[in-house]
Amino acid sequence: MTLKERTQVGIVGAGPAGLLLSHLLALGGVESRVVEVRSRAHCEARQRAGMLEPATAQLLRDTGLGRRLDAEGLEHDGIYLQFAGERHHMNFRELTGRGVTIYPQTEIVKDLIQIRNANGGIAEFGATDSEVAGLDSDLPELRYTDAAGQRHEVSCDVIAGCDGFRGICRPAIPAGGLRTIALRTYPFSWLGILAQAPPSTDQVIYARHERGFALHSMRTPQIGRLYLQVPADDDISQWPDDRIWDELSLRLAVPGWHLRTGPVLDKSITGMRSFVATPMRYRRLFLAGDAAHIVPPTGAKGLNLAVADVAALATALIGLLRYGRSDLVDAYSDTCQERAWRATYLSWWMTTMLHVLPRQDPFDSALQIAQLRNLTSSRAAGAMLAEIYTGGAPVRFDPSPKASPAAFLGPESLVPAWDDSR
Ligand code: DHB
């Protein structure tokens, strides 16, 4: 027996994008159902970046998700850029009035699941055989088998593909539905570890070293998060913990500084790519977050982009489904693409400036050092990095009938006259 059901928004994927969309829609009185193939435990444990732009943190606070963020988030004024054995502090707060917050994606996912459960939201974890159908009709369907084996066919006004780069929604778009797919694969990967080791730095260090890039971040005052550039096809079995710590110590070294080590709690290797699909909509299917665009991790833009997409999408879908207006959904893709390309630019820039190519020539190495020297000695250059790194104004989440597409679009939305009092 198949259960035939109805909801307003069928959401594929229970990562931060899908869960936040469901939460914001509920705040605007729109019903949704989230379907996820992974288990809840898997989604809550998946290690991802944890650097929030102020606009991202503010949106979470404004929508009832600020309690643990404010209690446990680590506020940073900026970052360190390291090269040629020197470590330079880039004070973003001084340059732009804005700092950043470390609060890991895993914690945001836990907060979102908790608030959705408390509000009676439906999220089906551990679904199988999920598919989207009828994308050319006015009532597309989200079909899946739940964890207990029950088959569901849910008719939806709209489907939101929040199911990541390898999800089912983007490939379900018929040929010709996507105008362009821009793709760049970088010829190296990141090995990331979570370590039971108090961070050896007060703010994140981005280090360019002849042996490759290294990054020292953190999760709590007791837990470090560190990354190493490794060859694209490298195997994690080649990296016993001692080798990882030796390499990190070497690449992060500056005179008089010592890297604290400890047990490795989690380790994995991730590929690096940039990807942007255009447009982020096919009729009643909307893509958000990694389903629409991927950035390499350098600069930690992925989660911030997903939150910005979802704030715009929730506003647009509430406009459509509660107030019968289509102007906001029509503006959705262009709104989000401008921001996505800006983040693609920042992450490509930081990636190419800080990583060493497999057979890098001396010209490229000298140019990298020249760029880093310029960034750390010119206030104007430093301010440009600081502006893009700390992000622009939020795409405002506005569940009111008066939400304006102008709040989405236009240059002000990206380089705001930032209100320092926030
Ligand atoms: C982290 C990850 C990043 O890619 C980055 O640029 C900064 C911080 C992190 O995991 O904390």
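One structure accompanies this document, and this report is about it. (Residues numbered from 1 in each chain as written. Predicted model: local features only at pLDDT ≥ 70, side-chain atom pairs only at ≥ 80, totals over all residues. Heavy atoms only, no water.)

Each pair of aromatic rings is reported with the distance of its centres and the angle of its planes. Under the counting rule described, the total for this entry stands at ten aromatic pairs. Centre to centre, the rings of Trp-190 and Phe-213 are 5.4 Å apart; their planes meet at 20°, and the pair counts as stacked. Of this pair, Trp-190 sits in strand β12 (residues 180-195) while Phe-213 is found in the loop between β13 (205-207) and β14 (214-218), placing the two residues 23 residues apart along the sequence. Like Trp-190, the residue Phe-213 is buried in the burial classification. Pairing Tyr-345 with Trp-349 gives two aromatic rings, centres 5.9 Å apart and planes at 10°, and the pair type is stacked. Taken together, the residues Tyr-345 and Trp-349, both in helix α10 (residues 327-354) and four residues apart, mark about one turn of the helix. In this structure an aromatic cluster arises from ring pairing among Phe-92, Trp-190, Tyr-206, Phe-213, Tyr-227 and Tyr-389. The aromatic ring of Tyr-389 is capped on one face by Lys-301, whose charged end is 5.7 Å from the ring centroid. (Phe/Tyr/Trp six-rings, centres within 6.5 Å; stacked < 30°, edge-to-face > 60°. Helix = DSSP H or I, 4+ residues; strand = E, 2+ residues; numbered from the N terminus. Buried < 20%, exposed > 50% of the residue type's maximum accessible area, 1.4 Å probe, protein only. Lys NZ or Arg CZ within 6 Å of the ring centre and 35° of its normal.)

To continue, consider the sheet that holds strand β7 (residues 100-102). An order of β3-β7-β4 is seen for the three strands of this open sheet, with the pairing classed as antiparallel. Either end of the sheet is taken by a strand with one partner, and the two such strands are β3 (51-52) and β4 (74-76). In this structure, β4 lies alongside β7, joined through three bridges in antiparallel fashion. Opposite Leu-74, over in β7, you have Ile-102 as the bridge partner. (Pairing = 2+ DSSP bridges.)

Now for the sheet that holds strand β16 (residues 264-278). With respect to topology, eight strands assemble into an open sheet ordered β6-β5-β13-β14-β15-β12-β16-β19, the strand pairing being mixed. Here the strands that pair on one side only, and so sit at the sheet edges, are β6 (86-90) and β19 (293-294). Strand direction decides the pairing type here: β13 and β14, joined by three bridges, are antiparallel. Bridge pairing in β14 links Tyr-206 to Leu-215.

A few words now on α10. An ideal rise of 1.5 Å per residue puts 40 Å on 28 residues; α10 measures up with 42 Å between its terminal C-alpha atoms. The sharpest bend along α10 reaches about 30° and sits at Ser-333. (Expected span 1.5 Å × (residues − 1). Bend = angle between axes of the 7 residues up to and from the residue.)

This part covers the side chain of Thr-201. Its location among the elements puts Thr-201 in the loop between β12 and β13. Of note is the side chain of Thr-201, whose polar atom sits 2.6 Å from the backbone oxygen of Gln-203. (Polar contact = N/O pair within 3.5 Å; in protein donor to acceptor, adjacent residues only side chain to side chain.)

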